[in-house]
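Next come the chains, spelled out residue by residue.
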Amino acid sequence: RDRTRHDPGAGTSLRYNITDDLLVKASYEYATRLPRPDEVFGNGVLIQANLELVPEVSHNGNFGLLFDARRNRTLGNLFAELNSFIRDSDRLIVLLGNDRSFTHQNVYRARALGLEAEIRWTLPARWLSLNADGMWIDQRNASPEGPFGDFVGDRIPNRPWLQASWGAKLRFGGFPSSDDTLEPFYNGRYVASFFRGWESQGLRAFKQVVDDQLTHSVGVTWVVRRAFARSTATLEVDNLTDARVFDNFGVQRPGRGFFVKFTAHL
């Protein structure tokens, strides 16, 4: 099967510094995304091939604020960003299916509005670092006709619409010896529940849903510095509470896990 396509594209961006640390930015692009090989040919297990899949094209707009204060004696290192975006897509590639198989299909038209936020803060003495980020996206089918016309206005299925992560790290220099550093850390992650199929199809009480997911990870890193080498050892407990977590297929992912990692630079 042979296919040749020519798709134009264009983009532009603008950045303006309000102060040395604060800037506003905006961008626009008309872009084409080629299907990945696994989207066209499947994976030979759950995802079936769809040789009729075509590239998706979209108008993408972004507008945001960015604050970046580095080596500030009062604030330390503080980075914060808030970004809003809009996506107007033709032939959006979406994974759809049932309990037995899935295929990637082109939704004729979809629109998305969203917000992204991120903040990172390290105290001047570097003994504490905090970070958090999150994303909200409202991506809906905008095809009034064709095979997806019955689902116009529905959220695009099998895609999280709200997710966030956060973390903290402590730094104890000179411990347990003068050339060592001990760094305990914590990370959390949340994904809101979402439908695996079109939300208007069937009764909501019996629809397949990937439930809310909240996980926590803790660990500690020990950095050892010597004249001849620098080595690190990390012990981490992932999914500390052994929460039930799932992928986009609704398949349960592994529960609590213990990991040890060693690295050395000679």
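Residues numbered from 1 in each chain as written. Predicted model: local features only at pLDDT ≥ 70, side-chain atom pairs only at ≥ 80, totals over all residues. Heavy atoms only, no water.

Asker: Give a detailed account of the packing of aromatic side chains, specifying residues and quantitative values.
Answerer: Counted according to the given criterion, the structure contains three aromatic pairs. A centroid spacing of 6.1 Å and a plane angle of 85 degrees characterise the contact between Tyr108 and Phe148, whose relative ring orientation is edge-to-face. Taken as a pair, Tyr108 in strand 5 (residues 102-122) and Phe148 in the loop between strand 6 (128-141) and strand 7 (162-170) lie far apart in primary sequence, 40 residues in all. A residue is classified by how much of its surface remains accessible, and Tyr108, at 43% relative accessible area, is partly exposed. Ring centres of Phe148 and Trp198 lie 5.9 Å apart, and the angle between their planes is 50 degrees; on these two criteria the pair is classed as tilted. (Phe/Tyr/Trp six-rings, centres within 6.5 Å; stacked < 30°, edge-to-face > 60°. Helix = DSSP H or I, 4+ residues; strand = E, 2+ residues; numbered from the N terminus. Buried < 20%, exposed > 50% of the residue type's maximum accessible area, 1.4 Å probe, protein only.)

Asker: Account for the pattern of salt bridges, with residues named and values stated.
Answerer: For the structure on display, the rule yields 15 salt bridges. A salt bridge links Glu81 to Lys25, with the nearest nitrogen and oxygen atoms 2.4 Å apart. On the criterion of sequence distance, the pair formed by Glu81 in strand 4 (residues 76-97) and Lys25 in strand 2 (residues 22-33) is long-range, its members being 56 residues apart. The class of Glu81 is partly exposed, set by a relative accessible area of 21%. A salt bridge links Arg111 to Asp88; the nearest nitrogen and oxygen atoms lie 4.0 Å apart. Placement of the pair is Arg111 in strand 5 and Asp88 in strand 4, with a sequence separation of 23 residues. The exposure class of Asp88 is buried, given its relative accessible area of 19%. The network of salt bridges with shared partners includes Arg33, Arg36, Asp38, Glu39 and Glu56. (Salt bridge = Lys/Arg side-chain N within 4 Å of Asp/Glu carboxyl O.)

Asker: Now, about the layout of surface pockets: what can you tell me, with residues and values included?
Answerer: Reported here for the largest pocket is a volume of approximately 520 Å³. In this structure, the largest pocket is lined by 27 residues; those nearest its centre are Ile137, Gln139, Ile156, Arg159 and Pro160. The set of elements that each furnish at least two residues to the lining of the largest pocket consists of strand 3 (56-72), strand 4, strand 6 and strand 10 (194-195). One number sums up the size of the second largest pocket: a volume of about 260 Å³. Considering the residues around the second largest pocket, the lining is formed by 16 residues, among which Thr215, Asp238, Asn239, Val245 and Arg253 are closest to the centre. When residues of the lining of the second largest pocket are traced back to their parent elements, those giving at least two are strand 9 (180-191) and strand 12 (213-225). A per-class count over the lining of the second largest pocket returns five nonpolar, eight polar and three charged. (1 Å grid on protein atoms, 1.4 Å probe; cavity = no way out; pocket = protein on both sides within 12 Å on 5 of 7 lines; lining within 4 Å. Points joined across faces, edges and corners; volume = space filled by probe spheres on them. Nonpolar A, V, L, I, M, F, W, Y, C, P; charged D, E, K, R; others polar.)

Asker: Explain a positive patch on the surface to me, using residue names and the numbers behind them.
Answerer: Residues Arg126, Lys169, Arg225 and Arg230 make up a contiguous surface patch of positive charge. In this fold, Arg225 is placed in strand 12. (Patch = residues over 30% accessible without salt bridge, like charges linked within 9 Å, V, L, I, M, F, W, Y side chains within 5 Å. Areas by Shrake-Rupley, 256 points an atom, 1.4 Å probe, with all protein chains shown as cover. Lys, Arg positive; Asp, Glu negative; His and termini not counted. Charge placed at Lys NZ, Arg CZ, Asp CG, Glu CD.)

Asker: Any chance you could break down the environment of Asp242 for me, citing the residues and the numbers?
Answerer: By the secondary structure assignment, Asp242 is in the loop between strand 13 (230-238) and strand 14 (257-265). Looking at Asp242, the relative accessible area reads 39%, which means it is partly exposed. As a C-alpha pair, Asp242 and Gly255 span 13 residues in sequence and 5.0 Å in three-dimensional space. When sequence neighbours within four positions are dropped, the list of residues in contact with Asp242 reads Gly255 and Arg256. (Contact = heavy atoms within 4.5 Å.)

Asker: I'd love a proper account of the side chain of Asp138, names of residues and values included.
Answerer: Mapped onto the secondary structure, Asp138 falls in strand 6. Judged by its relative accessible area of 18%, Asp138 falls in the buried class. Within the structure, Asp138 has its side chain in polar contact with the side chain of Arg140 (distance 2.9 Å). The contacts of Asp138, once residues within four sequence positions are left out, are Arg111, Ala112, Leu113 and Arg155. (Polar contact = N/O pair within 3.5 Å; in protein donor to acceptor, adjacent residues only side chain to side chain.)

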